[in-house]
Amino acid sequence: MPIPALFLDRDGVIIENRPNYVRSWADVAIFPQAIAALAKIQHLPIKIIMVTNQSAVGRGIVSLETVQMVNDRLLAEIERGNGRVDAVYLCPHAPDDQCRCRKPMPGLLQQAAREHDIDLSQSVMIGDALTDLAAGQAAGVRQVILLRTGRGEAQMAMPEVVGLRPFAMHDTLADALSAVFGSD
Ligand SMILES: [Zn+2]
């Protein structure tokens, strides 16, 4: 039976966004509330999937291997905090590559759904950018949520906001997960 997923963006959601990209582990600043919140939902019968645009790879700023190393280490930190992330899907392309996986395209979510037997119509996407919400809505998820961490607050001023169906906003990942799963 297909099961629901929680799709999470990485930068601005689990770790701090960096204007000049996360280029190495030294650039990673984990949100402690995010780690604690992931621990509270680890027992739920859902897949927890990280979906992240990493155009720094396509731009030649950082290698794919480095991005994967950073992700592996982040997942290890989440597990050390008693949480879990079941899989990571990343788009390594630059905007000009016209790929089908870079959010706001739904490709990463669709690939994850195929490979993990996910029921998109029962799933949730949480991000700090309108492109995260657009990807979730294009994939047909039940609910999309914008966080005020990372770029979230500034995103509300962007014209693309009018093209989105209604969505919720929360201050942090912890607040969003409490609202969705009642995990407090
Ligand atoms: Zn891509």
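Chemist: Explain the packing of helix α1 (residues 32–41) against helix α7 (residues 173–181) here, please?
Modeler: For any two helices packed against each other, one specifies the crossing angle of their axes together with the interaxial distance. As a packed pair, α1 and α7 sit with axes 8 Å apart at the nearest point and diverge in direction by 20°. With respect to α7, the element α1 is oriented roughly parallel. Every residue of α7 that contacts α1 at Gln33, Ala34, Ala36, Ala37, Lys40 and Ile41 is listed here: Leu173, Ala174, Leu177 and Phe181. By residue class, the composition of the contact of α1 with α7 is 8 nonpolar, 1 polar and 1 charged.

Chemist: What am I meant to see in the sheet that holds strand β5 (residues 143–147) here?
Modeler: Backbone-to-backbone hydrogen bonds pair the strands of a sheet. The strands run either parallel or antiparallel. Across the sheet, 6 strands lie side by side as β3-β2-β1-β4-β5-β6; this open sheet has parallel pairing. Two strands close off the open sheet at either side, each with one partner strand: β3 (87–91) and β6 (168–170). For this sheet the average axis-to-axis angle between neighbouring strands, irrespective of direction, equals 20°. Examined bridge by bridge, strand β1 (residues 5–8) and strand β4 (residues 124–127) share 3 bridges and lie parallel to one another. Bridging from a neighbouring strand, phenylalanine 7 pairs with methionine 125 of β4. Packing against the sheet, helix α4 (residues 107–116) makes contact with β1, β2 (47–53) and β3, and its axis sits at approximately 145° to β3. Against the sheet, helix α5 (residues 130–139) engages β1, β4 and β5, with an angle of about 170° to β4.

Chemist: In this structure, what is going on with the pairing of β4? I would like to understand it.
Modeler: Walk down a regular strand and you will see the side chains alternate between the two sheet faces. Residues of β4 alternate between two faces, with Val124 and Ile126 on one and Met125 and Gly127 on the opposite face, all of them buried. The sheet contact formed by β4 and β5 spans 4 bridges and is parallel. Residue pairing in the sheet places isoleucine 126 in a bridge with isoleucine 145 of β5. As for the winding sense of the linkage, the β-α-β connection from β4 through α5 to β5 is right-handed.

Chemist: What exactly am I supposed to notice about unusual backbone geometry here?
Modeler: Peptide bonds are trans in most cases, and residues, glycine excluded, mostly fall at negative phi. Proline 104 follows lysine 103 through a cis peptide bond whose omega is 20°. The topology assignment puts proline 104 in the loop between β3 and α4. Phi is positive for glutamine 98, which is not a glycine, with a value near 55°. Along the chain, glutamine 98 turns up in the loop between β3 and α4.

What counts as what
Residues numbered from 1 in each chain as written. Predicted model: local features only at pLDDT ≥ 70, side-chain atom pairs only at ≥ 80, totals over all residues. Axes fitted to C-alpha atoms, helices over the stretch in contact; angles between N-to-C directions. Helix = DSSP H or I, 4+ residues; strand = E, 2+ residues; numbered from the N terminus. Parallel < 35°, antiparallel > 145°, perpendicular 65-115°, else oblique. Contact = placed C-beta atoms within 7 Å. Nonpolar A, V, L, I, M, F, W, Y, C, P; charged D, E, K, R; others polar. Pairing = 2+ DSSP bridges. Buried ≥ 20, exposed ≤ 12 C-beta atoms within 10 Å, placed from the backbone. Right-handed = clockwise from strand over helix to strand, strands pointing away.

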